[in-house]
Amino acid sequence: LPPSGDGGEIVRPPVSPSCTDMFTCRLPREIQSTHHFLLSRKGNLTYTPDPRPLLPTVEVLRLNVVSQALGYLNLYQKYRTMAYRKEALDRVNYLYTLGDQALGNGPRDGMIGYTFLRAYQLVGDSRYREAGLQQADRCLNGPQQDMTMNGGLMCALNLGAAYQLTGNLAYRDLSRTVVQRTAPKQFPDGAFPH
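Presented here is a report on the structure given in the accompanying data block. (Residues numbered from 1 in each chain as written. Predicted model: local features only at pLDDT ≥ 70, side-chain atom pairs only at ≥ 80, totals over all residues. Heavy atoms only, no water.)

Bringing the side chain of D109 into the picture now. Looking at where D109 falls in the secondary structure, it is placed in the loop between α3 (82–98) and α4 (110–123). Buried within the structure, D109 lacks any salt-bridge partner; its nearest side chain of opposite charge belongs to R62, at an N-O separation of 4.1 Å. A distance of 2.7 Å separates a polar side-chain atom of D109 from the backbone nitrogen of N105. Discounting chain neighbours no more than four positions away, the residues touching D109 are R62, A102, L103, G104 and Q135. (Helix = DSSP H or I, 4+ residues; strand = E, 2+ residues; numbered from the N terminus. Buried < 20%, exposed > 50% of the residue type's maximum accessible area, 1.4 Å probe, protein only. Lys, Arg positive; Asp, Glu negative; His and termini not counted. Salt bridge = Lys/Arg side-chain N within 4 Å of Asp/Glu carboxyl O. Polar contact = N/O pair within 3.5 Å; in protein donor to acceptor, adjacent residues only side chain to side chain. Contact = heavy atoms within 4.5 Å.)

Written out as structure tokens, the structure is:
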């Protein structure tokens with residue numbers, strides 16, 4: 001997965017049948033395979049679409065664009081490869097240009113805010129910081145009864161990242177409250193009842 005040195009392409013790690021370690025051999029090959037899969041199906045779009053007929057549009061954005069952006073941001077953080085950075089920012093910039101059209105006006109939008117704050121942490125673009133903090137404020141000021149389970153945890157991610165950046169205790173406190181409300185609803189294996 002390290003860059004080849006000629007402008008950001010990604011080099012496929014050599015396949016060694018004797019190496020079975022998950023983190024040094026299997027995982028890098030799986031990441032590379034997934035990256036090639038996403039690129040081969042992306043076409044001229046800014047993200048790789050899901051062939052399933054998903055609705056509403058905000059769900060498509062959460063399940064496809066946001067998850068792909070976060071995956072590529074994590075890969076860029078780890079390997080600092082320009083190809084991963086480009087793929088992450090293609091998706092983050094797409095979300096940014098959609099503005100409020102990308103939002104469902106509920107706690108699940110915290111996932112988009114978290115994506116912006118992660119992008120800000122890695123590339124330093126203040127537009128992403130502003131967008132992420134704006135969404136954290138929406139989580140902070142939104143209806144508290146919606147702040148449990150999936151949606152609440154998505155806001156908690158956003159609020160936690162916002163707290164790390166700003167030190168604002170209101171972000172920290174609501175994030176903790178959401179986690180405390182949600183934890184008793186988990187099954188012993190960590191899954192949720194849905």
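From this point, the narrative continues.
It is worth spelling out the state of the cysteines at this point. This structure, assessed with the given rule, holds 1 disulfide. A sulfur-sulfur separation of 2.0 Å characterises the disulfide bridge that pairs C139 with C155. An S-S torsion of about -80° defines the bridge between C139 and C155 as left-handed. Here C155 lies in helix α6 (residues 149–166) and C139 lies in helix α5 (residues 126–141), a separation of 16 residues in the sequence. Grouping residues by exposure puts C139 and C155 together as buried. (Disulfide = S-S within 2.5 Å.)

With that out of the way, let us pick up the nonpolar core. If you look at the biggest cluster of nonpolar residues, it comprises 30 residues, and the most contacted ones within it are L73, V92, L95 and F116. No other element matches the 10 residues that helix α2 (residues 57–79) contributes to this core. Contacts of L73, omitting those with residues within four sequence positions, involve A88, V92, T115, R118, A119 and L122. (Core = buried A, V, L, I, M, F, W, Y, C linked by side-chain atoms within 4.5 Å.)

By the secondary structure assignment, Y47 is in the loop between α1 (22–42) and α2. For Y47, a relative accessible area of 13% gives the class buried. Sequence separation between Y47 and N64 is 17 residues, and the spatial gap between their C-alpha atoms is 7.5 Å. Excluding its chain neighbours within four sequence positions, the residues that come into contact with Y47 are K42, V60, N64, V65, Q68, R91 and Y94.

With that out of the way, let us pick up the pattern of salt bridges. If you walk through the whole model with that rule in mind, you get 10 salt bridges. D50 serves as the salt-bridge partner of R52, at 2.5 Å between the closest nitrogen and oxygen. Beyond isolated ion pairs, a larger network of salt bridges with shared partners links K42, K86, E87, D90 and R91.

Moving on, we get to the packing of aromatic side chains. Applying the stated criterion to the full structure yields 6 aromatic pairs. Geometrically, the ring pair formed by F116 and Y128 is stacked, given 6.3 Å between the ring centres and 15° between the ring planes. With F116 in helix α4 and Y128 in helix α5, the pair connects residues that are 12 residues apart, well separated along the chain. Judged by its relative accessible area of 1%, Y128 falls in the buried class. Counting every residue linked through ring pairs, the aromatic cluster contains Y72, Y79 and Y84. A cation sits over an aromatic face here: K78 above Y79, 5.9 Å from the ring centre. Directly above the aromatic system of Y96 lies the positively charged group of R127, at a separation of 4.8 Å from the ring centroid. (Phe/Tyr/Trp six-rings, centres within 6.5 Å; stacked < 30°, edge-to-face > 60°. Lys NZ or Arg CZ within 6 Å of the ring centre and 35° of its normal.)

Attention shifts here to the packing of α4 against α5. For the pair α4 and α5, interaxial distance at closest approach is 7 Å and the crossing angle is 150°. Taken together, the axis directions place α4 and α5 in an arrangement best described as roughly antiparallel. As for the relative orientation of α4 and α5, their crossing is left-handed in sense. Side by side, α4 and α5 meet where G110, G113, F116, L117, A119, Y120 and V123 of the first sit next to S126, Y128, R129, A131, G132, L133, Q135 and C139 of the second. (Axes fitted to C-alpha atoms, helices over the stretch in contact; angles between N-to-C directions. Parallel < 35°, antiparallel > 145°, perpendicular 65-115°, else oblique. Left-handed = near helix turned anticlockwise from the far one by under 90°.)

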